[in-house]
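The lines below spell out each chain.
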Amino acid sequence: MQNDPFMSHDESIIDVSGNADVPIHYGTAVPENSLASDESSSDSESWKTGRKYSRKLNLTAEQAVVMDKLWFTTNVFNEIEYCRIQILKQFLRAFEFLQNNCIPVNRAYASVIEELSEIIVCLQYNYKKDSLNYQYTYDSVQGEILNHILKLCENNVREAYGIKRKINTDFPYANPDIQHQYNRKIVSKLEIFLAENRNQILDADYKTNIILNENNTSRWKTKFDEIKGDYSNPAAFEREIFRLADVNIKNPSIDLIFFEASKFVASHDKNCALRLYIHYLDKDMNSPKLDRKQLTKSIQKSLFSTTEQVHDFERILSKFIRDRNLEEAIEKANQLYLPKRKKIVIDPDAVEDVKRQHSGTVALLEEYLSDEPETTSIKTEDSAGSEELTINIAQTDAEPQIMKYREELNLTDIQQEVLTLFEKQSFNIPQSEMSTFLRAKNLFMGAVIDSINDLCYEILDDILIEEEDDYFTMNTDYYKKLLNND
């Protein structure tokens, strides 16, 4: 009892009331660390809350006196200085609300807290107002009320910061009349006030979030749900996921953030899903427990349309596990869905062989290409008989023309000319020659080559015309697939 800040030690005071001492429950004792710091301070009461935070919270003298009656039941949440300050600020707002809006029935009391303190002393202890025990019991009960309000405020801040665990807020007096009066006059009104004013609590700063997430390993899920709800595009989503990971850097569950993010974004953007899965694997390998979670089969089906893509991604992951080169793995994942360009090695002997095999076809094509449609002039007489009118009609064969290339390609005349030119030159044409050929027709070389490759890709599933040093080359097997008689 010597450490009790509310108890007088004046030995000249003698209890003559005749009432036996009734032990008063003060809740949790004053924190030991506060008392320890008090011993080293020149101010014997510097540990008190009001004095400790007077300058930091810019307290008035009245507020400091009220807060001197507060003490924290310390826990990992309110030991964080930033959280403790937010709790005290919310307490000041709640206290001001009670002062201004909860008017006591008995106007002899300045506030509802004083009125309830009097009710509790009378009902619980039955002390007379003029007895010696009355005053310090009254002060102690008032401290109990203020500290109970402080606990309600701490739970309010916990809710604002996404902490699901709450502290016990049972009121220490079980008397039904006290419970009824206290709930009616204070708790019921404070619950509404705190819920409506929770937005006045400042968001946790960066350092506080790191500590909170380290101690509450599933706290990230609330923010993650918000990010999913606000999804607009993969870039913004990925950026928010990395921000969430930054404040969970000490959270042992950080790998789950990337895993769940990969699962979610798989239906929106494949590349983003692959990148986030690689980041998950990176964090997983750094964790004490290696999980290597697999994406579900349905997600894998949505990510990979071919077995080749699955094997390519497996190779990326296997190499990453061996060398831990995160940057390289991400870069390769970004290229997974790009069309693959096969490397063509020209075999001179094969080229000569093709020349021999198609020498007859080349001669025939040269003859065919050199043919110009004939025109027939039909002369009619002008009705006036003064001038001759000439109509040019293109000569057409009576027999239907045989299409050389497959009809579904829908090749234009110039595209067919280019393909035929490749055939004539053994499927190997200098780029300079091709440029001259197309420039004469006012066409861009790159655009024509790309357009042919695009049209043929559906049939070949590969690139038809490749660049090889200063040449354009064509795979002869691919060319045969484009012909109608193939």
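Calculation rules
Residues numbered from 1 in each chain as written. Predicted model: local features only at pLDDT ≥ 70, side-chain atom pairs only at ≥ 80, totals over all residues. Heavy atoms only, no water. Buried < 20%, exposed > 50% of the residue type's maximum accessible area, 1.4 Å probe, protein only. Helix = DSSP H or I, 4+ residues; strand = E, 2+ residues; numbered from the N terminus. Arc of directions from axis to C-beta. Contact = heavy atoms within 4.5 Å. Pairing = 2+ DSSP bridges. Axes fitted to C-alpha atoms, helices over the stretch in contact; angles between N-to-C directions. Salt bridge = Lys/Arg side-chain N within 4 Å of Asp/Glu carboxyl O. pLDDT = per-residue confidence, 0-100. Phe/Tyr/Trp six-rings, centres within 6.5 Å; stacked < 30°, edge-to-face > 60°. Lys NZ or Arg CZ within 6 Å of the ring centre and 35° of its normal.

Peer 1: Explanation requested: helix 9 (residues 220-229) in the structure shown.
Peer 2: Residue pairs spaced three or four apart in an α-helix point in one direction, given the helix's 3.6 residues per turn. Among the residues of helix 9, those classed as buried are W220, F224 and I227. Angularly, the buried residues of helix 9 cover 60° about the axis, an arc narrow enough to put them on a single face. Those residues of helix 9 that are buried are in contact with helix 10 (234-246) and helix 11 (254-265).

Peer 1: Explanation requested: the pairing of strand 4 (residues 465-468) in the structure shown.
Peer 2: Remember that side chains alternate between the two faces of the sheet whenever the strand is regular. Two strands pair when backbone bridges link them, and strand 4 and strand 5 (residues 471-474) are joined in this way by four bridges, in the antiparallel orientation. Among the inter-strand pairings, E466 is bridged to a residue of strand 5, identified as T473. Where strand 4 folds back on strand 5, the antiparallel hairpin that results is connected by two residues, among which D469 adopts a positive phi of roughly 55°.

Peer 1: Looking at this model, I keep getting lost on the sheet that holds strand 5. Mind explaining?
Peer 2: Either a parallel or an antiparallel arrangement is found when strands of a sheet pair, and the pairing is made through backbone hydrogen bonds. A sheet is described by the order of its strands in space; here three strands give the open sequence 3-5-4, paired in antiparallel fashion. Lying at the two open borders of the sheet, with one neighbouring strand each, are strand 3 (428-430) and strand 4. With direction set aside, neighbouring strand axes in the sheet form an average angle of 25°. Sheet strands touched by helix 18 (residues 413-424): strand 3, strand 4 and strand 5. Its angle to strand 5, the strand with the most contacts, is close to 90°.

Peer 1: Is there a simple way to think about the pattern of salt bridges in this case?
Peer 2: In this structure the tally under the stated criterion is 18 salt bridges. Between E423 and K404 there is a salt bridge; the shortest N-O distance is 2.9 Å. Here K404 lies in the loop between strand 2 (388-394) and helix 18 and E423 lies in helix 18, a separation of 19 residues in the sequence. For K404, a relative accessible area of 24% translates into the label partly exposed. For R406, the salt bridge goes to E408, with nearest N and O atoms at 2.8 Å. The class for R406 is partly exposed, based on a relative accessible area of 27%.

Peer 1: Looking at this structure, I do not really get the confidence of the model for the protein chain. What am I missing?
Peer 2: Parts of the prediction with low pLDDT should not have their coordinates interpreted in detail. Looking at the protein chain, the pLDDT average stands at 82 and 80% of residues meet or exceed 70. Across residues 1-40 the pLDDT falls below 50, and counting only partners more than four positions away or on other chains, this stretch makes 55 contacts in the model. Note that residues 374-398 has pLDDT below 50 and, in this model, 21 contacts with residues that lie over four places away or in other chains.

Peer 1: What is the right way to read the packing of aromatic side chains from this model?
Peer 2: The relative placement of two aromatic rings is captured by the distance of their centres and the angle of their planes. Under the defined criterion, the tally for this structure stands at 20 aromatic pairs. Seen from their ring centres, F237 and F264 are 5.2 Å apart, and the 40° between their planes marks the pair as tilted. A residue pair is termed long-range when its members are at least 10 positions apart, and F237 in helix 10 and F264 in helix 11 qualify at 27 residues. For F237, a relative accessible area of 3% puts it in the buried group. Seen from their ring centres, Y277 and Y280 are 5.5 Å apart, and the 50° between their planes marks the pair as tilted. Of this pair, Y277 and Y280 both sit in helix 12 (residues 270-286), separated by three residues, roughly a single helical turn. In this structure Y280 comes out as buried when scored by relative accessible area, which is 0%. Members of the aromatic cluster, joined through ring pairs, are Y125, Y127, F171, Y173 and Y182. Across from the ring centre of F72, 4.2 Å away, lies the NZ or CZ of R84, which sits over that ring. The ring centre of F259 lies 6.0 Å from the NZ or CZ of K293, which sits over that ring.

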